[in-house]
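What follows is each chain in one-letter form.
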Amino acid sequence: MGIMCERSAPADEDDSHVFDLEGLSDAQVTGEACVVCHARWPRPRQPLGTLPDGTPVYGCAECARLAADHRPDPFDPQLLATP
């Protein structure tokens, strides 16, 4: 499985993640397989982040949906700091 190593920009500017090349297959790096689950068919089309050089990586619809469901909401009251 690819490892997300850092956010590429502050959350208010960009919500993509940079994936570490270590552990990714050639098919995942070239967009032929989902960067999360390795599925090849249907070909992954959902952008899930980038490689360190800025090349986009893609995920299958199911993994993209799961990633979106687990993205923190910046306005969630549990995440807001209070004095």
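See the structure shown above.
Here the structure is a predicted model, which means the values were calculated and not measured.

1. Brief notes about the pairing of strand 3 (residues 46-50)
Bridge count between strand 2 (residues 17-20) and strand 3: two bridges; the pairing is parallel. What sits directly across from V18, in strand 3, is T50. Summarising the sheet, strand 3 and strand 4 (residues 56-59) pair through four bridges and their orientation is antiparallel. When the sheet's bridge partners are listed, T50 is paired in strand 4 with P56. Joining the antiparallel neighbours strand 3 and strand 4 is a turn of five residues, in which G54 adopts a positive phi near 95 degrees.

2. Some thoughts on the side chain of Q28
Relative to the helices and strands, Q28 is located in helix 1 (residues 26-29). The exposure class assigned to Q28 is buried, which follows from its relative accessible area of 0%. Within the structure, Q28 has its side chain in polar contact with the backbone nitrogen of S25 (distance 2.8 Å).

3. Details of the pattern of salt bridges
Opposite charge on two side chains permits them to pair, given that their charged atoms come into close proximity. Within this structure, the stated rule accounts for one salt bridge. Two residues, E32 and R43, come together in a salt bridge whose shortest N-O distance is 3.2 Å. Separated by eleven residues along the polypeptide, E32 in the loop between helix 1 and strand 3 and R43 in the loop between helix 1 and strand 3 bring together distant segments of the chain.

4. Thoughts on the environment of C34
Structurally, the position occupied by C34 is in the loop between helix 1 and strand 3. Relative accessible area serves as the criterion here: at 0%, C34 is assigned to the buried category. Residues C34 and Y58, spaced 24 residues apart in sequence, show a C-alpha to C-alpha distance of 5.8 Å. Every residue in contact with C34, bar those within four places of it in the chain, is listed here: Q28, A39, P44, Y58, G59, C60 and C63.

5. A look at unusual backbone geometry
In the segment running from W41 into P42, the intervening peptide bond is cis, with an omega of -10 degrees. Considering the arrangement of structural elements, one finds P42 in the loop between helix 1 and strand 3. One non-glycine residue, H38, lies in the positive phi region at around 75 degrees. Of note, H38 is situated in the loop between helix 1 and strand 3. For H38, a relative accessible area of 36% corresponds to the partly exposed category.

Criteria and thresholds
Residues numbered from 1 in each chain as written. Predicted model: local features only at pLDDT ≥ 70, side-chain atom pairs only at ≥ 80, totals over all residues. Heavy atoms only, no water. Pairing = 2+ DSSP bridges. Helix = DSSP H or I, 4+ residues; strand = E, 2+ residues; numbered from the N terminus. Buried < 20%, exposed > 50% of the residue type's maximum accessible area, 1.4 Å probe, protein only. Polar contact = N/O pair within 3.5 Å; in protein donor to acceptor, adjacent residues only side chain to side chain. Salt bridge = Lys/Arg side-chain N within 4 Å of Asp/Glu carboxyl O. Contact = heavy atoms within 4.5 Å.

Everything listed is a geometric property; what it means functionally is a separate question.
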